[in-house]
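Residue-level structural notes
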Amino acid sequence: MKKRLLVILLIVLVGVAPLLAATTYGPDNAAYEQTAQPFTGTNIWSLSMGGAGLGMKGYSESFLLNPANLPGSGFKLSIPAVTVTAYNVVKILESPMIDYIASGEDEDMIKAAQEFLKTIGKGQGDVLTTDISLLTLNAGGLGLSVQAQERLMSYKTGAEMTSTKLIAQVTAAATLGLGFKIPVIPKWLDIDLGANVQVAYKAYLEQIDAQTIIGMMGDDSSDPAKVFLNETPLIAGWSMPITIGMNVNGPYGLSLSAVARNINATQHMTAYKSVDDWAIENFDQSISGEAGHNPATIEEFEVVPEFRFDLGLSWSQSLGGSLLTPTLSFDIVDAGKLAGLQGDDLTRAFWESTRIGASLRLLDILDLRYGLSKGYHSVGLGIDLFVVHLDVAYYTLEYGKNLGDKPIDALSVRVGLLSR
């Protein structure tokens, strides 16, 4: 009898152990699945070309996509650049939300929030992303970038508006890149090699539901600052990923690219009871100013992103000096997952991983871009006016497990100074 009870107890413990090991605020919880994604700044050039462009040089942030783009890029300095991305653009324009906001009435502001929440679909999603590039430098094979990003994500469990959860995340990252060129056959063949090391610090708040947001907007006695500083858990941590890239450059503007990502990319995360607890624990300083407050942590966990290997083929050629510069890119994202597949599975995975893009630069002033990713089209426009550079991209991202499950359209606008 005792042996039978021990066996039953063992079975129960083995079954329950994985549940006990699951993290509350990590990717084990579907609501926080997107927070586990490695940090990537909004690359408006690549997004407007369907996510392609591994071998595309000529702009300051190209080495962040592929560090092998550093050699031969020349001197580029961008201080600063701001990119704002809005999602579900068509749904928002079709809703009465903008009219409610324009009225300025308190009741209409609540209605605007309700209409906005209606545009968010079931499952994972994004609401708004703001990228600030404080410094981007390319000089003699050396690259340096300092970035910050605010990302507001969504997770919805059902069709009802009240099931919407919002997660606010902030990331700061500094990236140092180094690249050099190896001549092989003069004017016919050379190889670019490069590597990036990034230090990233990420922090995000516990999910907040739609009803709470609307309630705070309609309740004058509510103090949002107190709620977020003292009552909402904050999850924060660091990572130091490494990216290695290579370009094999041939004649007539042809280039073959290979990039290995998420090397040493483990994210070391800690969940704190509140933002104030995080500040006291890390800086010995209370944000709220409350005296005698003892910080508390909830849990610690690690997130290990999967290693990724990307391949790309590109062609770029200047015609008539700077009169006309066409560029074509064909990339395969996460090419390693194609290994071992056959037949229809291989065909489907290949097209899911394929990114195709084209750009046409006129007189070093105007850029026209087009892309195709997973069957979704993207378009982009770039205008260079002396030291001011404006870029716009409209594209679609897939947030579902399979193609067509949950496409979300997005509009990104970037304004930068000095080098583009």
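Residues numbered from 1 in each chain as written. Predicted model: local features only at pLDDT ≥ 70, side-chain atom pairs only at ≥ 80, totals over all residues. Heavy atoms only, no water.

Regarding the layout of surface pockets
We count it as follows: A pocket, in this scheme, is an open set of points on a 1 Å grid over the protein atoms alone with protein on both sides within 12 Å along at least 5 of 7 lines, while a cavity is a set where a 1.4 Å probe fits but cannot get out; residues line either one if an atom lies within 4 Å of a point. Grid points are joined across faces, edges and corners, and a volume is the space filled by probe spheres set on the points. Per the convention used, a helix needs a DSSP run of H or I reaching at least four residues, while a strand needs a run of E reaching at least two, with both numbered from the N terminus. Each residue gets one label: Ala, Val, Leu, Ile, Met, Phe, Trp, Tyr, Cys and Pro are nonpolar, Asp, Glu, Lys and Arg are charged, and the others, such as Gly, are polar.
The volume enclosed by the second largest pocket comes to roughly 600 Å³. What lines the second largest pocket is a set of 37 residues, and nearest its centre among them are Gly55, Met56, Lys57, Gly58 and Ser316. Elements with a minimum of two residues in the lining of the second largest pocket: β4 (164-185), β5 (189-205), β8 (242-249), β9 (254-263), β12 (308-316), β13 (324-332), β14 (354-362) and β15 (366-373). The residue inventory of the lining of the second largest pocket, partitioned by class, reads 13 nonpolar, 15 polar and nine charged.

A closer look at the confidence of the model for the protein chain
Worth spelling out the cut-off: pLDDT expresses, on a scale from 0 to 100, how confident the predictor is about each individual residue. Contact criterion: two residues are considered in contact whenever any of their non-hydrogen atoms come within 4.5 Å of each other.
Per-residue confidence for the protein chain gives a mean pLDDT of 86, with 88% of residues at or over 70. Note that pLDDT drops below 50 for residues 1-21; the model gives that stretch one contact with residues more than four away or on any other chain.

Points about the side chain of Ser373
How we decide: Three labels apply to residues, based on accessible area from a 1.4 Å probe with only protein chains included: buried if under 20% of the type maximum, exposed if over 50%, partly exposed otherwise in between.
Note on placement: Ser373 falls in strand β15. The buried category is assigned to Ser373, whose relative accessible area is 13%. Ignoring any residue separated from it by four or fewer positions in sequence, one finds Ser373 in contact with Gly50, Thr354 and Arg355.

Quick look at the environment of Val146
Note on placement: Val146 falls in strand β3 (residues 142-156). By relative accessible area, Val146 is classed as partly exposed at 28%. C-alpha of Val146 to C-alpha of Thr136: the two residues are ten residues apart in sequence and 6.6 Å apart in space. Look past the residues within four positions of Val146 in its chain and what remains in contact with it is Ile132, Ser133, Leu134, Leu135, Ala173 and Ala174.

Let's talk about the pairing of strand β7 (residues 234-239)
The condition is simple: Here, any two strands with at least 2 DSSP bridges between them count as paired.
Counting buried residues along β7, five of its six residues qualify, which places the element largely inside the surrounding structure. As defined by bridge partners, β5 adjoins β7 across six bridges and the pair is classed as antiparallel. Looking across to β7, one finds that Ala203 is bridged to Ala236. Pairing geometry for β7 and strand β10 (residues 267-272), over five bridges, is antiparallel. Bridged to Ile235 within β10 is Ala271.

Considering the packing of aromatic side chains
Our working definition: In summary, the pairing rule links any two rings of Phe, Tyr or Trp, Trp by its six-membered ring, whose centres are within 6.5 Å, and it sorts them by plane angle into stacked for under 30 degrees, edge-to-face for over 60 and tilted for everything else.
The full count for this structure, using the stated rule, is seven aromatic pairs. With a centroid separation of 4.2 Å and 25° between ring planes, the pair formed by Trp45 and Tyr59 is classed as stacked. Pair noted here: Trp45 is in helix α2 (residues 44-48) and Tyr59 is in the loop between α2 and α3 (62-65), with a separation of 14 residues, a long-range link. Plain terms: the ring middles of Phe350 and Trp351 are 5.2 Å apart, the flat faces sit at 80° to each other, and that makes the pair edge-to-face. Among the aromatic residues, ring-to-ring pairing joins Tyr25, Tyr32 and Tyr204 into one connected group.

A closer look at the pattern of salt bridges
Definition in use: Salt bridge, as used here, is a side-chain nitrogen of Lys or Arg placed within 4 Å of a carboxyl oxygen of Asp or Glu.
Counted according to the given criterion, the structure contains 17 salt bridges. A salt bridge links Asp367 to Arg369; its shortest N-O distance comes to 3.5 Å. Look at Asp367 and you get buried, because its relative accessible area is 4%.

What about helix α6 (residues 106-118)?
The condition is simple: The span one expects for a helix is its residue count, reduced by one, times 1.5 Å.
Here α6 contains 13 residues, and its C-alpha end-to-end distance of 19 Å stays within 8% of the 18 Å for a straight helix at 1.5 Å per residue. Taken residue by residue, α6 has Asp108, Ala112, Ala113, Glu115 and Leu117 as its buried positions.

Comments concerning the pairing of β5
Bridge count for β4 against β5 is 16 bridges, and the pairing is antiparallel. When the bridges of β5 are listed, Gln169 appears paired with Tyr204. Hairpin connection from β4 to β5: three residues lie between these consecutive antiparallel strands, with Lys187 at a positive phi of about 65°. Note: β5 against β8, eight bridges, orientation antiparallel. What sits directly across from Gly194, in β8, is Gly245.

Description of the nonpolar core
Convention followed: Nonpolar cores were defined as sets of buried Ala, Val, Leu, Ile, Met, Phe, Trp, Tyr and Cys residues, with membership established by side-chain atoms within 4.5 Å.
Within the largest apolar cluster, 14 residues are counted, with the highest numbers of intra-cluster contacts made by Trp45, Met56, Tyr59 and Tyr87. Excluding residues that lie within four positions of it along the chain, Tyr87 makes contacts with Ile92, Asp126, Val127, Leu128, Thr129, Leu397, Tyr399, Ile408, Asp409 and Ala410. Ala36, Met153, Tyr155 and Ile167 belong to the second-largest nonpolar core, a separate cluster that totals 13 residues.

So, unusual backbone geometry
Residue Pro80 follows Ile79 across a cis peptide bond; omega there is -25°. By the secondary structure assignment, Pro80 is in strand β1 (residues 76-87). A positive phi is found at Asp334, a non-glycine position, where the angle reads about 55°. Tracing the backbone through its elements, the reader meets Asp334 in the loop between β13 and α10 (343-353). Positive phi, normally seen in glycine, also occurs at Leu418, with a value near 65°. With respect to the helices, strands and loops of the structure, Leu418 is situated in strand β18 (residues 407-418).

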